[in-house]
Amino acid sequence: MARHDWHILKDEGALTLARRLPARFDVAVTAVIEGGAGLRKSRIATQVRQDMWRSLQNLRGFAPVVRVAERGEDLEITAGGTVAGRFPKSDTEARIRALLDSQDHRIRWVRFAREATR
């Protein structure tokens, strides 16, 4: 899938990366990266989207959505997306939560976003 097939929506300190429009969350989990307000939101969103897709690629009808918003000095990440049809919501939320809470992933996301600001 080519990069141009993704929609990037920007509004007042937030960026939303979505496969389909309108961007909708049938399932969503939120996490905060403390002190992350100076990072490139597009780079964080892309990395979260890629890792979430790897984790949920077998979820039939799944289209990822990631929203990254500045909250003071922090970044709030909302990850999830739309799902066509029935799906195990609590299991899907748990898998996204595990990804967003993973310190290894967070370190990589922040490093990748900082490299772009140099």
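Placed above this text is the structure.
Residues numbered from 1 in each chain as written. Predicted model: local features only at pLDDT ≥ 70, side-chain atom pairs only at ≥ 80, totals over all residues. Heavy atoms only, no water.

I'm lost on the packing of helix α1 (residues 41-56) against helix α3 (residues 103-115) in this one. Help?
Relative placement of two packed helices is described by the angle separating their axes and the distance separating the axes. The N-to-C vectors of α1 and α3 enclose an angle of 145°; their axes lie 8 Å apart at closest approach. Note on packing geometry: the crossing formed by α1 with α3 is right-handed. Together, Arg43, Ile44, Gln47, Val48 and Asp51 of α1 and His105, Arg108, Trp109, Val110, Phe112, Ala113 and Glu115 of α3 make up the contact between the two elements. Partitioning the contact of α1 with α3 into residue classes produces six nonpolar, two polar and four charged. (Axes fitted to C-alpha atoms, helices over the stretch in contact; angles between N-to-C directions. Helix = DSSP H or I, 4+ residues; strand = E, 2+ residues; numbered from the N terminus. Left-handed = near helix turned anticlockwise from the far one by under 90°. Contact = heavy atoms within 4.5 Å. Nonpolar A, V, L, I, M, F, W, Y, C, P; charged D, E, K, R; others polar.)

How should I be thinking about unusual backbone geometry in this particular structure?
Apart from glycine, the bulk of residues carry a negative phi angle, and the bulk of peptide bonds sit in the trans form. Put simply, Leu21 and Pro22 share a cis peptide bond, and its omega is 0°. Checked against the element boundaries, Pro22 lands in the loop between β2 (14-18) and β3 (27-33).

I would appreciate a short explanation of the pairing of strand β5 (residues 74-83) in the present structure.
Here is the key point about a regular strand: its side chains alternate between the two faces of the sheet. Most of β5 is tucked away: eight of the 10 residues are buried. Bridging between β3 and β5 involves seven bridges; their strand directions are antiparallel. Its bridge partner lying in β5, Ile33 is registered against Leu75. Where strand β4 (residues 62-71) lies against β5, 10 bridges are found, and the strand directions are antiparallel. Note on β5: the bridge partner recorded for Arg71 is Asp74. The loop that links β4 with its antiparallel partner β5 comprises two residues; one of these, Gly72, has a positive phi angle of about 70°. (Buried < 20%, exposed > 50% of the residue type's maximum accessible area, 1.4 Å probe, protein only. Pairing = 2+ DSSP bridges.)

Help me understand the sheet that holds β4 in this model?
The strands making up a sheet associate through hydrogen bonds between their backbones, and the pairing can be parallel or antiparallel. Pairing in this open sheet of five strands is antiparallel, and the strands run β1-β2-β4-β5-β3 from one edge to the other. Lying at the two open borders of the sheet, with one neighbouring strand each, are β1 (7-11) and β3. For this sheet the average axis-to-axis angle between neighbouring strands, irrespective of direction, equals 15°. Across the face of the sheet, α1 comes into contact with β2, β3, β4 and β5 while running at roughly 145° to β4. Set on the sheet, helix α2 (residues 89-101) makes contact with β3 and β5; between it and β3 the angle comes to about 20°.

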